[in-house]
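# Report on the structure
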Amino acid sequence: MADRPAALLLSPGDSVGIALRALEPGETQLGVRLAEPVPAGHKFALRPHAPGDPIIKYGQVMGEATAAIAPGRHVHVQNAGMGVPGRGAAAGQAGRLPAPPDRRSFQGFSRRDGRVGTRNFIGIIASVNCSSTVCNAIARAANARLLPQFPNLDGFVPIVHDQGCGIATAGEGFALLVRVLRGYRDHPNFGGVLLVGLGCEVNQLTLYRRDDETRQRHASFNIQEVGGSAEAVRRALERLAPIAARADADRRRTLPVSGLTLGMQCGGSDGFSGITANPALGVASDLLVAAGGTSILSETPEIYGAEHLLIARASAADGQRLRTMIRWWEDYTRANGASLDNNPSPGNKRGGITTILEKSLGAVAKAGLAPLSAVHGYAEPIRGPGLVYMDSPGYDPVAATGQVAAGANVIAFTTGRGSCFGAHPVPSLKLASNTALWRAMRGDMDIDCGKVAEGAVSLQEMGEEIYGQILDTASGARSKSEIFGYGDAEFVPWRIGAVL
């Protein structure tokens, strides 16, 4: 666009500007003359910085100068570092919500437990790595032989993993695995479930059998008890047929947005993520919460240094729980010879992100402005409503697996570098932070948030577009990741503890 701005000042007190396009030496932007090239999405100094001076972005300290920086210089890893978390952090503000949006319903599946599905899959869940190959074979056979008979099913999906044995039964690691698998077993996007074990593993099927009114939609067996792998596939098809018939009778109907639980993720972030996609998703999250729905923010290593912005919106008890999570992560990384500032990946840095503090300030923007209504452990059941926080690593498949286990029935995933992701049984929308990415990977990206940086739409308008597409996707519109077939390999429960 001819009138597209070339640089952006995010907050009046910021000490750096943001390049919205590649800037050349000699250009004057935001009142300073550029002394060197500055790539799109990267930062340049607006005033002198001495070594140790704070670098201000978003109105917050995102790091400190590690060398003298003159105005117009490129500010990045060569002259900036993390510094002390919380140094000079501006106070957060109490949460607030917009007026409820006009659109407050979608087309979903009402389940017996009162929850709502956005898809109607049948899950083939492995209790242990040893049954994963058989579960994949069952899903392939069921999709080939049974699915054509049941047009109202979305398919048979394998939920397989590399855990379930060689693990102590007493400890946090085992408890997390059981919690995750139970969350998937009961997920509202599954119209029915078959659990398959080997038989001799630590993670026994007896932990997952159902005895309530849903038992006609749940079945389980061990491979060793039915005669081996080939016989297990044959037996599975027999057991799946009546389950599929019951699920095939389910129909979408008009339901309130209060039935939606949105898992919010970001991966492959760049310098635009905290300017376009993340705050626009924050607007959509606020609209969803205002309409009675639930949004989940996660990835604790990626809120590090920005947690005060969430704590300001939380109750005293929830704020303390979030502080305790941050301390746990500090101890956990220290015990493993790492630090939380190792978090920005090479791709993040190429995209313009310098420190974890900068990344966190941008990532927290996904939470919008809503009050924080609850703080949960990894994969703990979330029944909402409101904006909630769930502890998780920053590794996207692990974080998303926990959100789905907790009850997320739709995911919105922002990216600046081009993360490819899907998460059976939940549809995942991909939000591109910049238009160059949107054009380069249109087969993977669902929404172009780069329009904000180009001045074509406001953040509010972009958030409203995202909100509408979330509801469309929840109503059955297929996301790009679903069309390609992502989801089978992205189930990754958080592994904590010794492998025995």
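Conventions adopted
All residue numbers refer to positions counted from 1 along the written sequence of the respective chain. Residues qualify for local features only when their pLDDT is at least 70, as the model is predicted, and side-chain atom pairs are given and counted only at 80 or more; totals for whole chains, interfaces and linings, by contrast, use all residues. Each side-chain value is worked out from all heavy atoms of the structure, with water and hydrogens disregarded. To get an axis, fit a line to the C-alpha atoms, keeping to the stretch in contact for a helix; angles then go from 0 to 180 degrees between the N-to-C directions. Only DSSP runs of H or I with at least four residues qualify as helices, and only runs of E with at least two residues qualify as strands; both kinds are numbered from the N terminus onward. Oblique is the label for every angle not falling under 35 degrees (roughly parallel), over 145 degrees (roughly antiparallel), or within 65 to 115 degrees (roughly perpendicular). When the near helix sits turned anticlockwise from the far one by under a right angle, the crossing is termed left-handed; a clockwise turn instead gives a right-handed crossing. For this analysis, residues touch if any pair of their heavy atoms sits within 4.5 Å. Here the term charged refers only to Asp, Glu, Lys and Arg, the term nonpolar to Ala, Val, Leu, Ile, Met, Phe, Trp, Tyr, Cys and Pro, and the term polar to all other amino acids, Gly among them. Buried residues are those whose accessible area, probed at 1.4 Å on protein chains only, stays under 20% of the maximum for their type, while exposed residues exceed 50% and partly exposed ones sit between those limits. Take the buried Ala, Val, Leu, Ile, Met, Phe, Trp, Tyr and Cys residues and link them wherever side-chain atoms come within 4.5 Å; each set so joined is a nonpolar core. Working definition: a ring pair exists when centres of Phe, Tyr or Trp rings (six-membered ring for Trp) sit within 6.5 Å. Plane angles under 30 degrees give stacked, over 60 give edge-to-face, the rest tilted. Should the NZ of a Lys or the CZ of an Arg lie within 6 Å of a ring centre and within 35 degrees of the ring normal, that charge is described as sitting over the ring.

The interhelical angle for the contact between helix H2 (residues 172–185) and helix H10 (residues 396–406), taken along N-to-C directions, is 55°, at an axis separation of 7 Å. Relative to H10, the element H2 lies oblique. Between H2 and H10 lies a crossing whose hand is left-handed. Contact with H2, carried on its side by Val180, Gly183 and Tyr184, involves Thr401, Val404 and Ala405 of H10 and no other residues of that element. Looking at side-chain class alone, the contact of H2 with H10 contains 4 nonpolar, 2 polar and no charged residues.

Turning to its location among the elements, Gly171 is positioned in the loop between strand S13 (155–159) and H2. Between the alpha carbons of Gly171 and Gly497 there is a distance of 7.7 Å; along the sequence they are 326 residues apart.

If you trace the backbone, Val77 turns up in the loop between strand S8 (74–75) and strand S9 (80–81). You can call Val77 partly exposed: its relative accessible area is 44%. As for Val77 and Ala314, which are separated by 237 residues in sequence, their C-alpha atoms are 33 Å apart. Dropping the residues within four chain positions of it, Val77 is found in contact with Lys349 and Thr354.

Here the focus is the nonpolar core. Residues Tyr184, Leu310, Tyr389, Leu431 and Ile466 are the most contacted members of the largest nonpolar core, which totals 99 residues. Among the elements that make up this core, the one with the highest residue count is helix H5 (residues 277–290) (8 residues). Within the second largest apolar cluster, 30 residues are counted, among which are Phe150, Phe221, Ala236 and Ala244.

Once that is clear, we can look at the packing of aromatic side chains. On inspection of all chains with the given rule, the structure shows 9 aromatic pairs. Taking the centre distance of 5.4 Å and the plane angle of 90° together, the rings of Trp329 and Tyr332 count as edge-to-face. A residue pair is termed a helical-turn pair when its members lie 3 or 4 positions apart in one helix, as Trp329 and Tyr332 do in helix H7 (residues 316–335) at 3 residues. Overall, the relative accessible area of 5% leaves Trp329 in the buried class. For Tyr332, a relative accessible area of 30% gives the class partly exposed. Centre to centre, the rings of Trp329 and Trp494 are 5.5 Å apart; their planes meet at 10°, and the pair counts as stacked. Within this pair, whereas Trp329 is found in helix H7, its partner Trp494 is found in the segment after helix H14 (480–484), the two being separated by 165 residues in sequence. One aromatic cluster in this structure is built from Trp328, Trp329, Tyr332, Tyr378 and Trp494. Stacked on the ring of Phe413, the Lys or Arg Lys430 has its end atom at 5.0 Å from the ring centre.

As a further point, take unusual backbone geometry. In this model, Gly384 is joined to Pro385 through a cis peptide bond whose omega is 0°. Turning to its location among the elements, Pro385 is positioned in the loop between strand S19 (372–376) and strand S20 (386–390). The step from His424 to Pro425 runs through a cis peptide bond, and the omega angle for that step is 5°. As for its position among the elements, Pro425 is in the loop between strand S21 (410–415) and strand S22 (428–432). Phi is positive for Leu30, close to 55°, though the residue is something other than glycine. With respect to the element layout, Leu30 can be found in the loop between strand S3 (28–29) and strand S4 (32–33).

Their axes nearest at 9 Å, the elements helix H1 (residues 132–145) and helix H4 (residues 229–248) cross at an angle of 45°. In terms of axis orientation, H1 runs oblique to H4. Pair H1 / H4 crosses with right-handed handedness. For the pair H1 and H4, contact is made by Val134, Ala137, Ile138, Ala141, Ala142 and Arg145 and by Ser229, Ala232, Val233, Ala236, Leu237 and Leu240, respectively. Its residues placed into classes, the contact of H1 with H4 shows 10 nonpolar, 1 polar and 1 charged.

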